[in-house]
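Analysis of the macromolecular model
Residue strings, one per chain:
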Amino acid sequence: MPSEQPEQLNLAQVQFLTVAEVAAMMRVSKMTVYRLVHGGELPAARVGRSFRVPKRAVEEYLRSAYFDAG
């Protein structure tokens with residue numbers, strides 16, 4: 001069972017954001033966030049009827065989508 005403990009620790013440390021918080025962070029509409037979630041581009045956990053997105057997933061998505069126009 002020692003292999004399960006670190007996994008539980010990591011999950012306890014995950015910071016989840018609402019769709020509205022993700023939309024504000026990315027400066028897009030909530031519908032755009034829902035499209036990213038449903039399209040599999042942004043991982044999310046379903047909590048009841050709403051979604052929660054790990055903050056790190058948003059940061060990684062933005063980092064990978066970054067385009068240097070210079």
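Rules of the game
Residues numbered from 1 in each chain as written. Predicted model: local features only at pLDDT ≥ 70, side-chain atom pairs only at ≥ 80, totals over all residues. Heavy atoms only, no water. Pairing = 2+ DSSP bridges. Helix = DSSP H or I, 4+ residues; strand = E, 2+ residues; numbered from the N terminus. Axes fitted to C-alpha atoms, helices over the stretch in contact; angles between N-to-C directions. Contact = heavy atoms within 4.5 Å. Patch = residues over 30% accessible without salt bridge, like charges linked within 9 Å, V, L, I, M, F, W, Y side chains within 5 Å. Areas by Shrake-Rupley, 256 points an atom, 1.4 Å probe, with all protein chains shown as cover. Salt bridge = Lys/Arg side-chain N within 4 Å of Asp/Glu carboxyl O. Phe/Tyr/Trp six-rings, centres within 6.5 Å; stacked < 30°, edge-to-face > 60°. Buried < 20%, exposed > 50% of the residue type's maximum accessible area, 1.4 Å probe, protein only. pLDDT = per-residue confidence, 0-100.

What about the sheet that holds strand E1 (residues 16-18)?
- Pairing within the open sheet is antiparallel, and its three strands lie in the order E1-E3-E2. The sheet is open, and its two borders are formed by E1 and strand E2 (45-47), each paired with just one other strand. Each neighbouring strand pair of the sheet contributes to a mean axis angle of 40°, computed without reference to strand direction.
- Here E2 pairs with strand E3 (residues 50-54) via three bridges, running antiparallel. Looking at E3, one finds that alanine 45 is bridged to arginine 52.
- Along the sheet, helix H2 (residues 19-26) contacts E1 and E3; its crossing angle with E1, the most-contacted strand, is approximately 90°.

Structural notes on a nonpolar patch on the surface
- A cluster of nonpolar side chains, contributed by Leu11, Val14 and Phe16, occupies part of the molecular surface with about 250 Å² of accessible area.
- Structurally, leucine 11 can be placed in helix H1 (residues 4-13).

Some words on the packing of aromatic side chains
- Inspection of the entire model under this criterion finds one aromatic pair.
- For the pair tyrosine 34 and phenylalanine 51, a centre-to-centre distance of 6.3 Å together with 65° between the ring planes defines the contact as edge-to-face. Here tyrosine 34 is found in helix H3 (residues 30-38), whereas its partner phenylalanine 51 is found in strand E3, with 17 residues between them in sequence.
- Taking relative accessible area as the criterion, tyrosine 34 reaches 30% and is therefore assigned partly exposed.

Comments concerning the confidence of the model for the protein chain
- Taken over all residues, the pLDDT of the protein chain has a mean of 88, while the share at 70 or more is 86%.
- The secondary-structure element of the protein chain with the lowest mean pLDDT is H1, recorded at 64, while H3 shows the highest, at 98.

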